[in-house]
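Given next are the chains, with one letter for each unit.
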Amino acid sequence: MKQIYGLVQVRALELRDFRRYEHALLEFPTEGVAFVGPNAAGKTSFLEALHKVALLRGFGKEEEMVRWGKRGYRLRVRLSTGTAEVSYEQGKGTRVVWEGEAITPLARWIGRIPVVLLRPGDSEWIEGPAAVRRRWADRLLSQVSSTYLGTLMQYERALAQRNALLGQPDSTPALLDSWEALLVETGPFLQRMRLQLAPLLEDSLRTFYGCFGPEKIHLHYKTTVDPSPEAWRKAWSHLRPKEVHVGRTLIGPHLEDFQVQLGEQPARGYASEGQKKSLLIALKWAELQHLKGQQTFSPLLLLDDVGEKLDKPRLEALGQLTRLAGQTFVTDVEERRVREAFPELPIVRLPLMS
Amino acid sequence: MEALLPPSLASLKEALERLPGIGPRSALRLIQAFLRKPELLQSVLGSLQQVQTSVRMCRRCGFWAESDGGLCIICTDAGREEPVLCVVKEPSDILAIERSQAFRGQYHVLGGVLDPLSGVQEKDLRLKELWQRIRTEGYEEVVLALGTSPEAETTTYYIARHLADWPGRITRFASGIPVGSDLEYVDPLTLSRSLRERQPIHV
């Protein structure tokens, strides 16, 4: 496959039967654009389309992304390095074609267009359950390392199989051993990658958050078992009867969490609304820096309707993020705010869709 | 559109669509070809009937067999003397390996791999037959060629573990870089395994 090197820039995006668009074609300058328009004007659809093209996942369910009455949608992007088409059809799933060549398996595509996304619901990263932060870390690590993504897919499959086996009355130690062999080969690797990620992000988080407040941020990955095959086997030697009883695996990265602290307190439950907003902007800064540091090119930055209710310093900080991005795409209902925060971004005005 | 087809064609189309690799469009194309060339339909019918009456699973290795003794062409080939038993998932895997002309031993078709999520258990695989053959047929090596999916890896491990006390060699097919390809096109997971399982060079 022809590699994408250098700066990834989206020159044009074409939608067919995507959300409420039958057909739309937009060309983008090198900085990116800001989509401005009233609610329900279809601004977010463009960001979602870009996210789908990059990470093969939109913001909602696939069926909801298909235009009403159609069986699938097609997205084409012209990048500085070539043309990609990402299509979805009911019953067939997603397909990626890069420069005329179908990409299989799809995992090979992830990471070619790195993306950092901020959406209104993202305070879940602070307030939500551990699964939110695990998904976030998996998405970030998968964009940097296809070995991580491949290992994660193997781990999840083996885990589902072991859990299915634990629930069956005739699960023998020999069978459990065999599934565990694959889990101890993949699980500790995932743990080590996440353990390495935490301090790297913590550094950039602290630096950027320093603009907002004096609290020191701590980001810590908490494991359920040491990241080594020996530790896993030892844990299972005690845990197995209990696992057979409950029918699922009780150690491993699928249960672990990133803990976020502001000063001495956990951010979850204690951070003020203002602190949460600052923390999220700092987090995006850390993600951008991480992706930029690991890749030969800068990520796309997608900011979906996040300007609302931000005070001036935070709005300025949001604008600062574009410095690390290869290209920025913003949606907002208010043109004045966009002009203030992103003075260099051209504006695309979208009317209310009938 | 289905309503336009005469009932017998509709039911044929439905049956064809249940075959692997055949969608609604290919099904219609097959039907069209059958109707245009009755002799084609006749020969396919004849072949299908022949297969139904005379093809059996080889009673030794599990490959396809048609001879009276119930053994397949590989099990009756006296020239295959290498004392190695190659364990594969499906009969079609034998064809793939034979195409390479690199193997002169015997095969054993497992008929699947362990897959608790889909309800495939040990008893659904031809494992008892495998243990029996390894005990009685005098092999020096068992090579496991089940693939690299998580299920295949686990089944490989399961078999190797079961045979831990067997005196012969237990091996698996290597994973690595496809012959003739450049490193930059190989996915990192394959690369890391090729590096881990690297081979000494004999000169």
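Criteria and thresholds
Residues numbered from 1 in each chain as written. Chains lettered and ligands numbered in written order. Predicted model: local features only at pLDDT ≥ 70, side-chain atom pairs only at ≥ 80, totals over all residues. Heavy atoms only, no water. Helix = DSSP H or I, 4+ residues; strand = E, 2+ residues; numbered from the N terminus. Rg over C-alpha atoms; globule rule 2.2 N^0.38 Å. Buried < 20%, exposed > 50% of the residue type's maximum accessible area, 1.4 Å probe, protein only. Contact = heavy atoms within 4.5 Å. Areas by Shrake-Rupley, 256 points an atom, 1.4 Å probe, with all protein chains shown as cover. Salt bridge = Lys/Arg side-chain N within 4 Å of Asp/Glu carboxyl O. Nonpolar A, V, L, I, M, F, W, Y, C, P; charged D, E, K, R; others polar. Pairing = 2+ DSSP bridges. Axes fitted to C-alpha atoms, helices over the stretch in contact; angles between N-to-C directions. Domains from an automatic or database assignment. Buried area = accessible area lost by both parts, 1.4 Å probe. Polar contact = N/O pair within 3.5 Å; in protein donor to acceptor, adjacent residues only side chain to side chain.

With that out of the way, let us pick up the overall build of chain B. When helices and strands are counted, chain B shows seven helices and six strands. In chain B, the succession of helices and strands from N to C terminus is α-α-α-β-β-β-α-β-α-β-α-β-α. Taking 2.2 N^0.38 as the reference for a compact globule, 203 residues should give roughly 17 Å; the C-alpha atoms of chain B span a radius of gyration of 22 Å, well beyond that estimate. Taken across its 203 residues, chain B has 33% of its residues classed as buried. Considering only residue pairs separated by 6 or more positions, chain B has 46% of its internal contacts joining residues 24 or more positions apart. As displayed, chain B offers around 13200 Å² of accessible surface, 56% of which is attributable to carbon and sulfur atoms.

What follows deals with the interface of chain A and chain B. Counting from both sides, the interface comprises 24 residues of chain A and, opposite them, 20 residues of chain B. Between aspartate 177 of chain A and arginine 161 of chain B there is a salt bridge; the shortest N-O distance is 2.5 Å. Elements supplying a minimum of two residues to the side of chain A that touches chain B: helix H5 (146-166) and helix H6 (173-209) of chain A. Broken down by class, the residue content of the side of chain A that touches chain B amounts to ten nonpolar, ten polar and four charged.

Residue and element names in this part refer to chain B. Spatially, E4-E3-E5-E6 is the arrangement adopted by the four strands of the open sheet, whose pairing is parallel. In this open sheet, the two edge strands, each paired with only one partner strand, are strand E4 (106-109) and strand E6 (169-172). On average, each strand axis in the sheet is tilted by 25° relative to the strand beside it, whichever way the strands run. Relative to E4, strand E3 (residues 84-88) runs parallel, the two being bridged by four bridges. Within E4, the position partnered with valine 88 by the bridge is valine 109. Helix H5 (residues 127-136) contacts E3, E4 and strand E5 (141-145) of the sheet and is inclined by roughly 155° relative to E4.

Right, let's talk about the domain arrangement of chain A for a bit. All names here are of chain A. Split by domain assignment, chain A resolves into domain 1 (1-114 + 295-354) and domain 2 (122-293). Domain 1 and domain 2 are separated by 28 Å when their C-alpha centres are compared. Taken together, the contact between domain 1 and domain 2 spans 22 residues of the former and 20 residues of the latter. Surface buried jointly by domain 1 and domain 2 totals about 1900 Å² across both partners, of which 72% is contributed by carbon and sulfur atoms. The three residues of domain 1 that bury the most area against domain 2 are Gln295, Arg314 and Leu324, which together make up 35% of that side's buried surface. At the boundary of domain 1 and domain 2, one finds zero salt bridges. At the junction of domain 1 and domain 2, the tally comes to four residue pairs in polar contact (both at pLDDT 80 or more).

Looking along a regular strand, one sees side chains alternate from face to face of the sheet. Residue and element names in this part refer to chain A. Inspection of the sheet shows strand E1 (residues 10-18) paired to strand E2 (residues 21-27) by six bridges, in the antiparallel sense. Its bridge partner lying in E2, leucine 13 is registered against leucine 26. Taking the residues that link successive antiparallel strands as the turn, the E1-E2 hairpin has two residues, and the phi of arginine 19 there is positive, at about 50°.

Take the side chain of glutamine 143 of chain A next. With respect to the secondary-structure elements, glutamine 143 of chain A resides in helix H4 (residues 130-144). Beyond its immediate chain neighbours, meaning those up to four positions away, glutamine 143 of chain A contacts Leu55, Ile110, Gly111, Ile113, Pro114, Val115, Leu291 and Gln295 of chain A.

Our next topic: the pairing of E1 of chain A. Residues and elements named next belong to chain A. Of all nine residues that make up E1, seven are buried, and the element is covered over most of its length. Bridge analysis of E1 against strand E4 (residues 72-79) gives six bridges, and the strand direction is antiparallel. Opposite valine 10, over in E4, you have leucine 79 as the bridge partner.

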